[in-house]
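Structure at a glance
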Amino acid sequence: MGQNNHTSLHGFILLGFSDHPKLEMVLSGVVTLFYFITWVGNTAIILASLLDSHLHTPMYFFLRNLSFLDLCFTTSIIPQMLVNLWGPDKTISYVGCVTQLYVYMWLGSTECLLLAVMSYDRFTAICKPLHYLVIMNPHLCLKMIITVWSISLANSVLLCTLTLNLPRCGNNLLDHFLCELPAMVKIACIDTTTVEMSVFALGIVIVLTPLGLILISYGYIAKAVLRIKSKEGQQKAINTCGSHLTVVSIFYGTIIYMYLQPGNSASKDQGKFLTLFYTIVTPSLNPLVYTLRNKDMKNALRKLVRVDRESTKSKRDQKS
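Source: prediction; values computed, not measured.

Further remarks concern the overall build of the protein chain. Scanning the protein chain from terminus to terminus reveals 11 helices and 3 strands. Mapped in sequence order, the helices and strands of the protein chain form the string β-α-α-α-β-α-α-α-β-α-α-α-α-α. The contacts of the protein chain with a sequence gap of at least 6 include a subset with a gap of at least 24, amounting to 79%. For the protein chain, the accessible surface area stands at approximately 16,900 Å², while carbon and sulfur atoms represent 68% of it.

Next up, the structure:
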């Protein structure tokens, strides 16, 4: 770390939406609501899929990982965001900012790769149903998850370390509501072409490659569905893949649209709102998408609620 970065060791200032005080008040309420929905929804999915033996399948193993990932993803951002939205203090400590930068990049990369793994799981289930449980055995599923988290961690360590080593000449004003890599690169006081090219190259590997694999998987899935003669079979296959495809569309659609925006002043607030959408809104939508289109998950959630009610009732009876 160079001497030019010494002043940044005291922390950073997250400008966020500070030029819109009234908007900050509204956003604090909206963010709190979506954070609550995210926690309740994803926790319910994790518990329901663990407690219901019918959901001990590869599909729900990956779904549990996605729900856990979303909980970690939002928790790495929202508490600090709410502190900055609620009061005049917009600062974040150097350690807090660095931690958020690494974790945010790690979890974001993990979600990209995890969605690709989930699409392969759906491809195997639809295109090779007789060999599904043999191919997607627990050992392979675990290896895939470990690989996804490990590759994403390596990507985060590489890119974030490159970014933090850029001299900032005392600049500590981040025009964002979180410590995100592009915002950190912008406050560097040297030519950042090398880092930007590294980000672009790894972005292709982490974002576009999984997206390509997802599209190929669903191409084969579409062909397999069209070959199914019964409408009931087609509908079951569509329902099996529909939830995942919806989540992929929301997640990748937002990211691709955001990073294709021109870097002018008119698009700054738009970029913040889009980041807000895929970091706050998307994790809260995932549980709704997977429960509304999935009968097995609905039944598991009903059982979970029933068990909770019975437990509460028995406790009341004991007290009385």
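Moving on from the coordinates now.
Once that is clear, we can look at the pattern of salt bridges. In this structure the tally under the stated criterion is 3 salt bridges. K90 serves as the salt-bridge partner of E24, at 2.9 Å between the closest nitrogen and oxygen. In this pair, E24 is assigned in helix α1 (residues 21-51) and K90 in the loop between α3 (78-86) and β2 (91-92), connecting sequence segments 66 residues apart. Here E24 and K90 have matching classes, each one buried. One salt bridge connects K272 with D175, and the closest N-O pair in it is separated by 2.8 Å. Residue K272 is located in helix α10 (residues 268-292), and its partner D175 is located in the loop between β3 (173-174) and α7 (181-186); the two are separated by 97 residues in the primary sequence. A relative accessible area of 4% places K272 in the buried class.

The 3 strands are arranged β2-β1-β3 in an open sheet whose pairing can be described as mixed. Pairing within the sheet leaves two strands with one partner each, and these edge strands are β2 and β3. Bridge count for strand β1 (residues 12-14) against β3 is 2 bridges, and the pairing is parallel. Considered in β3, the bridge of I13 is made with L173.

Within the largest apolar cluster, 62 residues are counted, with the highest numbers of intra-cluster contacts made by F62, M81, L114, L115 and Y252. Sort the elements by how many residues they give to this core and helix α4 (residues 94-127) lands first, with 12 residues. Those residues in contact with F62 that lie beyond four places of it in its chain are L114, V117, M118, D121, M136, C141, M144 and I145. Of all hydrophobic cores here, the second largest spans 21 residues; its members include F12, L181, M184 and A188.

Here the focus is α4. An α-helix turns once every 3.6 residues. As a result, residues three or four positions apart point the same way. For α4, built from 34 residues, the straight-helix expectation of 50 Å at 1.5 Å per residue is met to within 8% by its first-to-last C-alpha distance of 50 Å. Within α4, 26 of the 34 residues are buried, which leaves the element mostly enclosed by the surrounding structure.

A rise of 1.5 Å per residue sets the reference length of helix α8 (residues 193-227), with its 35 residues, at 51 Å; its end C-alpha atoms lie 49 Å apart and thus fit the reference within 8%. Its maximal kink placed at G203, α8 deviates by approximately 35 degrees.

This next bit is on the environment of I187. Of note, I187 is situated in the loop between α7 and α8. Those residues in contact with I187 that sit more than four places away from it in its chain are F12, R168, N171, L173 and L174.

Before going further, it helps to spend a moment on the confidence of the model for the protein chain. For the protein chain, mean pLDDT is 83; residues scoring 70 or higher make up 88% of the total. Long-range and interchain partners of residues 261-266, a stretch whose pLDDT sits below 50, account for 2 contacts in this model, where long-range means more than four residues apart.

With that settled, the discussion passes to the state of the cysteines. In total, this model carries 2 disulfides according to the counting rule given. Sulfur-sulfur distance for the disulfide between C97 and C179 comes to 2.0 Å. Handedness here is read from the sign of the S-S torsion; for C97 and C179, about -120 degrees, the answer is left-handed. Here C179 lies in the loop between β3 and α7 and C97 lies in helix α4, a separation of 82 residues in the sequence. Side by side, C97 and C179 carry an identical accessibility label, which is buried.

On to the packing of α1 against helix α2 (residues 58-75), then. At their nearest, the axes of α1 and α2 sit 9 Å apart, and the two run at 155 degrees to each other. It follows that α1 is roughly antiparallel to α2 by the angle criterion. Between α1 and α2 the crossing geometry is left-handed. Residues Y35, T38, W39, N42, T43, I45, I46, S49 and L50 of α1 form the contact with α2, whose participating residues are Y60, L63, R64, S67, F68, D70, L71, T74 and T75. Taken together, the residues of the contact of α1 with α2 break down into 9 nonpolar, 7 polar and 2 charged.

What follows concerns a positive patch on the surface. A cluster of basic residues, K295, K298, R302 and R306, forms a positive patch at the surface. Within the secondary structure layout, K298 lies in helix α11 (residues 295-319). A residue is classified by how much of its surface remains accessible, and K298, at 32% relative accessible area, is partly exposed.

The rules behind the values
- Residues numbered from 1 in each chain as written.
- Predicted model: local features only at pLDDT ≥ 70, side-chain atom pairs only at ≥ 80, totals over all residues.
- Heavy atoms only, no water.
- Helix = DSSP H or I, 4+ residues; strand = E, 2+ residues; numbered from the N terminus.
- Contact = heavy atoms within 4.5 Å.
- Areas by Shrake-Rupley, 256 points an atom, 1.4 Å probe, with all protein chains shown as cover.
- Salt bridge = Lys/Arg side-chain N within 4 Å of Asp/Glu carboxyl O.
- Buried < 20%, exposed > 50% of the residue type's maximum accessible area, 1.4 Å probe, protein only.
- Pairing = 2+ DSSP bridges.
- Core = buried A, V, L, I, M, F, W, Y, C linked by side-chain atoms within 4.5 Å.
- Expected span 1.5 Å × (residues − 1).
- Bend = angle between axes of the 7 residues up to and from the residue.
- pLDDT = per-residue confidence, 0-100.
- Disulfide = S-S within 2.5 Å.
- Axes fitted to C-alpha atoms, helices over the stretch in contact; angles between N-to-C directions.
- Parallel < 35°, antiparallel > 145°, perpendicular 65-115°, else oblique.
- Left-handed = near helix turned anticlockwise from the far one by under 90°.
- Nonpolar A, V, L, I, M, F, W, Y, C, P; charged D, E, K, R; others polar.
- Patch = residues over 30% accessible without salt bridge, like charges linked within 9 Å, V, L, I, M, F, W, Y side chains within 5 Å.
- Lys, Arg positive; Asp, Glu negative; His and termini not counted.
- Charge placed at Lys NZ, Arg CZ, Asp CG, Glu CD.

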